[in-house]
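Spelled out, the chains give:
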Amino acid sequence: MKKTFLLGTGLLVVVAVLLSSSTSSLSEGLGVGDYASDFKLPNVDGKTVSLTDFADAKGFIVVFTCNTCPYAKMYEKRVIELDKKYSSKGFPVVAINPNDVNQQPGDTMDEMVKRAREKGYTFPYLRDDSQKVAGSYGATKTPHVYVLSKENAEKYKIEYIGAIDDSPREAEDVTERYVEDAVNALLKGESPTITTKRAIGCTIKWKAS
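Structural notes, computed from the coordinates. (Residues numbered from 1 in each chain as written. Predicted model: local features only at pLDDT ≥ 70, side-chain atom pairs only at ≥ 80, totals over all residues. Heavy atoms only, no water.)

1. Section: the pairing of strand β9 (residues 155–162)
Working note: regular strand, side chains alternate between the two faces of the sheet. Spelled out, the test is: Exposure is judged per residue with a 1.4 Å probe applied to protein chains only, and the accessible area is read against the type maximum: over 50% gives exposed, under 20% gives buried, and values in between give partly exposed. Secondary structure follows DSSP: runs of H or I at least 4 residues long count as helices, runs of E at least 2 residues long count as strands, and numbering of each begins at the N terminus. Only strands that DSSP links by at least two bridges are regarded as paired with each other.
Of all 8 residues in β9, 6 are buried, a share of seventy percent or more. Relative to β9, strand β1 (residues 35–36) runs antiparallel, the two sharing 2 bridges. Across the sheet, residue Ala 36 finds its bridge partner in β9, namely Tyr 156. Strand direction decides the pairing type here: strand β8 (residues 144–152) and β9, joined by 7 bridges, are antiparallel. In the strand pairing of β9, Val 145 is matched with Gly 162. Hairpin geometry of β8 and β9 is characterised by an intervening segment of 2 residues between the two adjacent antiparallel strands.

In structure tokens form, the structure reads like this:
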């Protein structure tokens, strides 16, 4: 009986370790102060987009989002407004959809094209089908924002990670605009006061490993 108990305990420990390892692999990624690598992803206009395409950019508002998440839909207009406000100032929005389309058929490229046209997206809406970009950043939710500052053509420093603001459901109830505050600080040559806020949204639908 004692041997059976010990064996069962050992198996539980192994399973716990494996689960912990699997979970942590999804949570690993970039932190504030780290440098993001460039990427090349297909856009809804049929072209491939990378950060180096934006020669005059001072930085980027990278938003991991999707078509299907209710939170992503609630933030959609605010993301469009961010691009309209900051793109001309050197901080364009770059939106990336990493969801597994087998779990979310509404996130296929065809559906992304329809959504972008219907809502009048003013920014690239890219498909991260391999999920490598989302995984390398450490994104976990839709929406999940990373504000980058460009130090040179190949160095993109993470300045802020997390939520867009403090009111995911109602835009009129917003009292703290985390992304705007971060970008405004960078435009003034300062570091953001708040550098991280927990992203609120749907969990990214990862492919089965």
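This is not the end of the story, as more comes after the structure.
2. Regarding the environment of Asn 184
Cut-off, in case you're wondering: In protein, a polar contact requires one atom able to donate a hydrogen and another able to accept it; more generally it is a pair of N or O atoms within 3.5 Å, and residues adjacent in sequence count only if both atoms are side-chain atoms.
The residue Asn 184 is located in helix α5 (residues 178–187) in this model. Using a relative accessible area of 29% as the deciding quantity, one classes Asn 184 as partly exposed. In terms of polar contacts, Asn 184 uses its side chain to reach the side chain of Tyr 86, at 2.8 Å.

3. A closer look at the pattern of salt bridges
The condition is simple: By salt bridge we mean one thing: a side-chain nitrogen of Lys or Arg within 4 Å of a carboxyl oxygen of Asp or Glu.
Summed over the entire model, instances satisfying the criterion amount to 8 salt bridges. Ionic pairing is found between Lys 114 and Glu 111, a salt bridge with its closest N-O pair at 3.4 Å. Taken together, the residues span about one helical turn, with Lys 114 and Glu 111 both in helix α3 (residues 109–119) at a distance of 3 residues. The class for Glu 111 is partly exposed, based on a relative accessible area of 30%. A single network of salt bridges, built from pairs that share partners, joins Arg 127, Asp 129 and Lys 207.

4. A word on the state of the cysteines
To be explicit about the condition: When the sulfur atoms of two cysteines come within 2.5 Å, that pair is taken as a disulfide.
Taken as a whole, this structure holds 1 disulfide when the rule is applied. The disulfide bridge from Cys 69 ends at Cys 202, spanning 2.2 Å between sulfur atoms. Taking the torsion about the S-S bond as the criterion, the Cys 69 to Cys 202 disulfide, at about 85°, is right-handed. You can see Cys 69 sitting in the loop between β4 (59–64) and α2 (70–86) and its partner Cys 202 sitting in strand β11 (residues 202–203), a full 133 residues away along the chain. On the accessibility criterion, Cys 69 (3% relative accessible area) is buried.

From the geometry alone we can't say anything about function, so treat these as descriptive.
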